[in-house]
Amino acid sequence: MEIRGAGNLLGREQHGTIRAVGVHLFGELLKEEVEKLRSGQAGPSTADMQVDLPVKAFVPETYLPHLETRLAAYTRLSAARAPADLAAARRDLEADQGPFPPEAENFFSLLLLKFYAADAGVAAITESSVQGGPRSSVPPGKNERRLIFTFREGLTPALAYAAIADNPRWIFTGSTMSIQTVELLQPPSSPERKGHESSQEGNSARLLEQIARILRLLAETRRKEAAGKIRVPKPPP
C-alpha cells in the first residue's frame, strides 16, 4: 500500500513508532494524514526540512532516564502536525516529568522552528563557516560563521525588503539569504537581562528565539504578499 505524500508514516520504519506512541495515537495520525491527502490540504511538510544549528537539542537521560520513555517523548513531540499539537505534547510531558531542561527546551524550539519555516517558505536553515567578505566584521582572510536560510521557491523582493528592514546586514544570493551568526547573538539592551547570554545555554536560547522571530516576520510578509497588501518599491531608473 502506498500513499504519495504520506512520507514514512506507512513505512517499515514506523513499527517502533506504533509501539512508542500506542496504536490509538498512531491511528489518529494516520487518519489525519489520509484526510489531508484526500482533501488536497496537505500543505508544506516539515518532514524533509533541514535544520542544522549549533545548539544542543535533545531529551537528556537526566530528564527521562528510561530509553523507552525517551523514545516515546521524542515520537510524541515529533509527531505534532501543528504548533498547538506540539504545545499540548509538551504540557503532557511537563505535567508528568516537570519543566523541560535546557536541552529539551532547545529540542522543542527546533521542532517549532520547522512550522515557522514551512509558513515562511524556507526549506533549510543551516550554519556554515565561510570566508569573510567586504561587509564582514572579521579580518580579511578569516572565516566567519553564517546562518543561511534557503527558500523552497526562491526569494521574492518583498521577503528581501522585510529582512533588510529588520537587519540591514543580511546578504542575498539566489534563493538564499544569510547573516553572521553573531549578529543574532547580540545581547538585548534591557538591563535586567544583561549578561544572560554569556553562557552557551543562553546563546542557544537567544539564537533559536531570534530565528523564530525572523521566520514569523517572513511568514507574515508572505501572507501579505499573497493577499496583494505589499507593494515593493521599484528601483530608480
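Quick caveat: nothing in here was measured; it's all calculated off a predicted structure. (Residues numbered from 1 in each chain as written. Predicted model: local features only at pLDDT ≥ 70, side-chain atom pairs only at ≥ 80, totals over all residues. Heavy atoms only, no water.)

**Digging into the nonpolar core**
Here comes step 1: Within the largest apolar cluster, 45 residues are counted, with the highest numbers of intra-cluster contacts made by Leu53, Leu113, Phe149, Met177, Ile211 and Leu215.
Here comes step 2: When residues in this core are grouped by element, the largest group, 12 residues, is from helix α5 (residues 102–120).
Here comes step 3: When sequence neighbours within four positions are dropped, the list of residues in contact with Leu215 reads Leu113, Tyr116, Ala117, Ala120, Val122, Ile125 and Phe149. (Core = buried A, V, L, I, M, F, W, Y, C linked by side-chain atoms within 4.5 Å. Buried < 20%, exposed > 50% of the residue type's maximum accessible area, 1.4 Å probe, protein only. Helix = DSSP H or I, 4+ residues; strand = E, 2+ residues; numbered from the N terminus. Contact = heavy atoms within 4.5 Å.)

**Looking at the environment of Glu105**
Here comes step 1: Note on placement: Glu105 falls in helix α5.
Here comes step 2: The class for Glu105 is partly exposed, based on a relative accessible area of 27%.
Here comes step 3: Considered as a pair, Glu105 and Arg90 are 15 residues apart in the sequence and their alpha carbons are 9.6 Å apart.

**Looking at the pairing of strand β5 (residues 176–180)**
Here comes step 1: Judged by how many residues are buried, β5 sits mostly within the fold: four of five residues are covered.
Here comes step 2: Between strand β4 (residues 171–173) and β5, which pair antiparallel in sequence order, lie two residues; one of them, Gly174, sits at a positive phi of approximately 60°. (Pairing = 2+ DSSP bridges.)

**A few points about the packing of helix α3 (residues 67–78) against helix α4 (residues 83–97)**
Here comes step 1: With their axes 8 Å apart at the nearest point, α3 and α4 run at an angle of 155° to one another. As the angle between them shows, α3 and α4 are arranged roughly antiparallel. Touching Ala73, Arg76 and Leu77 of α3 are Leu86, Ala88, Ala89, Arg90, Asp92 and Leu93, all from α4. (Axes fitted to C-alpha atoms, helices over the stretch in contact; angles between N-to-C directions. Parallel < 35°, antiparallel > 145°, perpendicular 65-115°, else oblique.)

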